[in-house]
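Secondary and tertiary structure notes
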Amino acid sequence: MTQTSAKNVVRINENKQLLVESPHTKSQVVGRSNLDANNRQAWYEFGADLEYQFVDLLSRQGIPAEINPQKHGNKYAPDIFVHGVMSDLKTQQNPFFTAGKKLCDPSWTVTFNRKDYVRYKNNYPYLNIYFWVAWEEQERFGVQVSERTGVWLISFRQLRSAIEHGLPEHFYETRKSPDDRNAKSSFLLDLRYMRKIL
């Protein structure tokens, strides 16, 4: 399956892996993302394409899903509805290689911004969160990480409880300026404590 837009070409192979060509990257394949982690606008554009792909992926699996109509006027609104429940999509194409410093297994670790945690707690406490993960087996920083692909689900209520009970938190060294609107920290989550749906 292929989607073409003025911004990105997003392909999903038979293993539900993402293959992307984008104006931000000359050649981007699953597990490789050359987007600047601090370029929020580039990530919004990239994420918008993936939301449509994700809805299509779920629909082809017989799971009713649609883009949240509020997204057309508010890019900060939760992304999708799945089974009629307001939900947000998080995609992760690169492992968090240094998760071991927080006693987490990088082959199973995904991140969730504190900024999103505060926003959801105040505005969307009954949200569901879907993590769409796709990375290859690889090694960086002397850390070997296993291939991981699939879709995992956790309710915000479950996530909030885990955070309040002390999930590890990583603070970004490059985002200390008060003028930087990017999240200053992220919680580290283990996919094995979520429900895998695909």
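Description of the structure in this document. Just so you know, these numbers come straight off a predicted model, no measurement behind them.

Turning next to the pattern of salt bridges. Pairing between side chains becomes possible if they bear opposite charge and their charged atoms approach one another. One pass over the structure, following the stated rule, counts 10 salt bridges. Of the charged contacts, one joins Asp88 and Lys90 as a salt bridge, the two residues approaching to 3.4 Å between their closest N and O atoms. On the accessibility criterion, Asp88 (3% relative accessible area) is buried. Two residues, Asp190 and Arg192, come together in a salt bridge whose shortest N-O distance is 2.9 Å. Three or more residues joined by partner-sharing salt bridges are found here, namely Asp88, Lys90, Asp116 and Arg119.

Attention shifts here to helix α3 (residues 156–164). Turning to α3, its buried residues are Phe156, Leu159 and Ile163. Viewed end-on, α3 has its buried residues packed into an arc of 60 degrees, placing them on one side of the element. Against β8 (109–113), α2 (114–123), β9 (128–135), β12 (148–155) and β14 (185–190) lie the buried residues of α3. Where α3 ends, the next residue or the one after it, Gly166, has phi of about 105 degrees, a positive value.

The next thing to look at is the environment of Asn128. The residue Asn128 is located in strand β9 in this model. Sequence-distant contacts of Asn128, defined by excluding residues within four places in its chain, comprise Val85, Met86, Ser87, Asp88, Leu153, Ile154, Ser155 and Phe156.

Before going further, it helps to spend a moment on unusual backbone geometry. With a phi angle near 55 degrees, His83 is a residue other than glycine that sits in the positive phi range. Relative to the helices and strands, His83 is located in the loop between β6 (80–82) and β7 (85–92). Located in the positive-phi region is Phe141, a residue other than glycine, with phi close to 55 degrees. By the secondary structure assignment, Phe141 is in the loop between β10 (138–140) and β11 (143–145). Since its relative accessible area comes to 62%, Phe141 is described here as exposed.

Criteria and cut-off values
- Residues numbered from 1 in each chain as written.
- Predicted model: local features only at pLDDT ≥ 70, side-chain atom pairs only at ≥ 80, totals over all residues.
- Heavy atoms only, no water.
- Salt bridge = Lys/Arg side-chain N within 4 Å of Asp/Glu carboxyl O.
- Buried < 20%, exposed > 50% of the residue type's maximum accessible area, 1.4 Å probe, protein only.
- Helix = DSSP H or I, 4+ residues; strand = E, 2+ residues; numbered from the N terminus.
- Arc of directions from axis to C-beta.
- Contact = heavy atoms within 4.5 Å.

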